[in-house]
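Here's the letter readout for the chains.
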Amino acid sequence: MIHHLVITAVGSDRPGICNRLTQVVTRSGGNIVDSRIALFGKEFTLIMLVSGEMTAITKIETVLPSVSVEHDLMVVMKRTAPHQTPQYTYKVDCTVQSEDRVGLTEAFTQFFSNHQINISELSAQTFASTHEAEADQFHIQIAGLTELEIDTDKLIASFNNLCDTLSVSGHLNLHPKTD
């Protein structure tokens, strides 16, 4: 039987750190099903979904803590189920751009929550000001899924109202599921 494990790791960025973590997984007999890596400040961050036989997953759970201490990483592991394509009626994508200020990410995640749209992806970045732009610029992209039948015109109007209220530029796209 195949088992699954989610691994998250955070630590100071340096060459070879990703390779060392993937070595632990593959040399233990695990298969990397999905992974994401990002740099936040000077910190390396990784999230990875691993699959394998019970012995491989147990070996990863046993070996990874000592590797994390050796490389000064904070590592969290959690057993999980295999990924299943979620059921949904609509896929919802939004992009927002504005001058950076506190609370924008919360406002848009709250919008998704209020409309019972599960966030499946979120990427938010602040770009330092340039001589053309006086203030730092904020960009966010959110993708979500909902099983609800929704009034698309009402949802778009609500999103546009939020953008107007926050004085940001945003766009919302809805994609109905096609069977």
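Structure first, text after, so check above.
Just so it is clear, the structure is predicted and the values come from calculations on it, not from any experiment.

Tallying secondary structure elements over the protein gives 4 helices and 8 strands in all. Secondary structure elements of the protein occur, N-terminal to C-terminal, as β-α-β-β-α-β-β-α-β-β-α-β. What you see for the protein is a C-alpha radius of gyration of 20 Å, clearly larger than the 16 Å of a compact globule of 179 residues, by over 25%. Burial status across the protein gives 30% buried among its 179 residues.

Ranked by size, the top nonpolar core spans 20 residues in total, and within it Phe108, Phe112, Phe159 and Leu172 carry the most contacts. Of all elements in the fold, only strand 5 (90-99), helix 3 (104-114), strand 7 (137-146), helix 4 (152-166) and strand 8 (169-176) reach the threshold of two or more residues within this core. When residues in this core are grouped by element, the largest group, 5 residues, is from helix 3. Residue contacts for leucine 172: discarding those within four places in its chain leaves Val92, Asp93, Cys94, Leu155, Ile156 and Phe159.

Sheet analysis places strand 2 (residues 31-40) next to strand 3 (residues 43-53), joined by 9 bridges and oriented antiparallel. Residue pairing across strands places phenylalanine 40 opposite glutamate 43, the latter belonging to strand 3. Connecting strand 2 to the next strand, strand 3, in antiparallel fashion are 2 residues, including glycine 41 with a positive phi near 60°.

Time to look at the environment of lysine 177. Position of lysine 177 among the secondary structure elements: in the segment after strand 8. Note on lysine 177: relative accessible area 33%, which makes it partly exposed. Once the C-alpha coordinates of lysine 177 and glutamate 147 are considered, the two residues, 30 residues apart in sequence, prove to be 9.8 Å apart. Leave out the neighbours within four places in its chain, and lysine 177 touches Gln87, Tyr88 and Thr89.

The rules behind the values
Residues numbered from 1 in each chain as written. Predicted model: local features only at pLDDT ≥ 70, side-chain atom pairs only at ≥ 80, totals over all residues. Heavy atoms only, no water. Helix = DSSP H or I, 4+ residues; strand = E, 2+ residues; numbered from the N terminus. Rg over C-alpha atoms; globule rule 2.2 N^0.38 Å. Buried < 20%, exposed > 50% of the residue type's maximum accessible area, 1.4 Å probe, protein only. Core = buried A, V, L, I, M, F, W, Y, C linked by side-chain atoms within 4.5 Å. Contact = heavy atoms within 4.5 Å. Pairing = 2+ DSSP bridges.

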